[in-house]
Amino acid sequence: MAHDHHDHSHDHHHGHDHPSELSEIELRVRALQSLLVEKGYVDPAALDELVETYETRIGPRNGARVVAKAWSDPAFLEWLRRDASAAIHSLGFTGRQGEHMVAVENSQDEHNLVVCTLCSCYPWPVLGLPPSWYKTPAYRSRAVIDPRGVLRDFGVELPETTRIRVWDSTAEIRYLVIPRRPDGTEGWDEERLAGLVSRDSMIGTALARRPAEMPA
Amino acid sequence: MNGAQDLGGMMGFGPVVPEPEHEIFHAEWEKTALALTLAAGALGRWNIDTSRHARETLPPAEYLSSSYYEIWIKGLEKLLQQTGLASAEELRGGHSQAAPAPVSPLRAKDVAPMLARGTQYDRPATTPARFAVGDIVQTRNDHPTGHTRLPRYARGRQGTVERVHGVFVFPDSAAHGEGEAPQWLYTIRFEGRELWGPRADPTLMVSVEAWEPYLDAA
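Cut-offs used in this document
- Residues numbered from 1 in each chain as written.
- Chains lettered and ligands numbered in written order.
- Predicted model: local features only at pLDDT ≥ 70, side-chain atom pairs only at ≥ 80, totals over all residues.
- Heavy atoms only, no water.
- Axes fitted to C-alpha atoms, helices over the stretch in contact; angles between N-to-C directions.
- Helix = DSSP H or I, 4+ residues; strand = E, 2+ residues; numbered from the N terminus.
- Parallel < 35°, antiparallel > 145°, perpendicular 65-115°, else oblique.
- Left-handed = near helix turned anticlockwise from the far one by under 90°.
- Contact = heavy atoms within 4.5 Å.
- Nonpolar A, V, L, I, M, F, W, Y, C, P; charged D, E, K, R; others polar.
- Expected span 1.5 Å × (residues − 1).
- Buried < 20%, exposed > 50% of the residue type's maximum accessible area, 1.4 Å probe, protein only.
- Polar contact = N/O pair within 3.5 Å; in protein donor to acceptor, adjacent residues only side chain to side chain.
- Buried area = accessible area lost by both parts, 1.4 Å probe.
- Salt bridge = Lys/Arg side-chain N within 4 Å of Asp/Glu carboxyl O.

Moving on: the packing of helix α1 (residues 24-38) of chain A against helix α4 (residues 68-82) of chain B. Running from N to C, α1(A) and α4(B) cross one another at 40°; their axes reach a closest spacing of 11 Å. Accordingly, the angle class assigned to the pair α1(A) and α4(B) is oblique. α4(B) is crossed by α1(A), and the crossing has left-handed handedness. Counted together, Ile25(A), Arg28(A), Val29(A), Leu32(A) and Leu36(A) of α1(A) and Glu70(B), Ile73(B), Lys74(B), Leu76(B), Glu77(B) and Leu80(B) of α4(B) form the full contact between these two elements. A class-by-class count of the residues in the contact of α1(A) with α4(B) yields 7 nonpolar, no polar and 4 charged.

Below, the structure written as structure tokens:
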């Protein structure tokens, strides 16, 4: 929980020589939290609720449901193309950092990749909080100039003829990549299809899993 | 501003390291950093553009050597001082030394409605759009010292209007308390070679969102 991190300081010191000491940033965050609570600017219960929301309720399984529906329901796919914000909202995923959505579809000829070179813009209602790598200089610098190199870091090698389309999220428009539906999934229901849709495939740094890659 | 946040096209940061989907936080303090940033933002004393500008004005060496949640914390400390909600001394000591500003803190029961509501950034159009889908445009070669959302790599380049999104709050103004000054917003698509020269991947196309003041007819 957000307000009691000091109670657990023994179990989150990655790479620290002295587990009993708090790092500089931990001390800084703790001081900030104490001050804001003391001033009455933040309510510890609200802090807990925020963390719990993004740990348990808003995450990439939401986006996977959108993709699975897009694969299964041509009318929904058409709606997604026409008005992604409304189509996604209809599944209950809306709000902060997903107010203005655009869905971009991978095809045999074109692969889409999403980045925010200027900060960390990311479609929270469908994908949750961005992974660390999405916010790093390594990803933000290279995605726009060497996307195939970035894809190789994820173990993805696309045919030389596939066009690469990179979307730099410089405004409040948020992008969701609709990966290609893998072969051999005919007749699968949406829930089973959603299991093929990884977070990274909806950012564009991965492809949807093939049926053979699913755990038995 | 041409700060360290404007990373597109830089080299030398090494490989991207993937991580599993279930790894949301890597330390307890990161959870606190997220929650404090959202809860303090809900006080309504600044907007998204103000907070982006607070982060990007960190000295470049500090920006590049901080993790993203560290950048958020440093940005939040700056915003609290700029808005008079806290002083540098208070932040250093972690204790209040002055009466708090009158604010209504975010309550737990209001978290879900607040997140679901989000913030709409589109505004009614009062002028016709200057450009249409398919138009060729030239982005301005301009280097403002304040906040802007046109990355350096996409300045002074020729591109094609791919989408017309409507009228949106203009960050260059909103970040500095100068009003929303809403402007038409477009997706502009560039050929890789227009951005990166002859070495560019010939299959590459990159787009940015650009507000109308960033654009001229080509």
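Moving on from the model shown.
Right, let's talk about helix α2 (residues 44-57) of chain A for a bit. Residue and element names in this part refer to chain A. The end-to-end C-alpha distance of α2 is 19 Å, a good match for the 20 Å that 14 residues give at a rise of 1.5 Å each. Within α2, the full set of buried residues consists of Ala-46, Leu-47, Asp-48, Leu-50, Val-51, Thr-53 and Tyr-54. One side-chain oxygen at the N-terminal end of α2 lies 2.9 Å from the backbone nitrogen of Ala-45; it belongs to Asp-43.

When the parts of a complex come together, some accessible area is lost, and that lost area is often taken as the interface size. Contact residues are listed per partner, giving 93 residues for chain B and 83 residues for chain A. Taken together, the two surfaces of chain B and chain A that pack against each other cover about 7,800 Å², and 62% of this comes from carbon and sulfur. Area buried by chain B at its contact with chain A is led by Val16(B), Glu21(B) and Tyr68(B), which between them contribute 9% of it. Joining chain B to chain A, the criterion identifies 8 salt bridges.

Despite not being glycine, Gln97(A) shows a phi value in the positive range, around 65°. Along the chain, Gln97(A) falls in the loop between α5 (84-89) and β1 (100-105). Notably, Ala181(B) is not glycine yet its phi reads approximately 40°, a positive angle. Along the polypeptide, Ala181(B) turns up in the loop between α7 (171-174) and β4 (183-191). Residue class for Ala181(B) comes out partly exposed when judged on its relative accessible area of 32%.

Just geometry here; none of it tells us what the structure is for.
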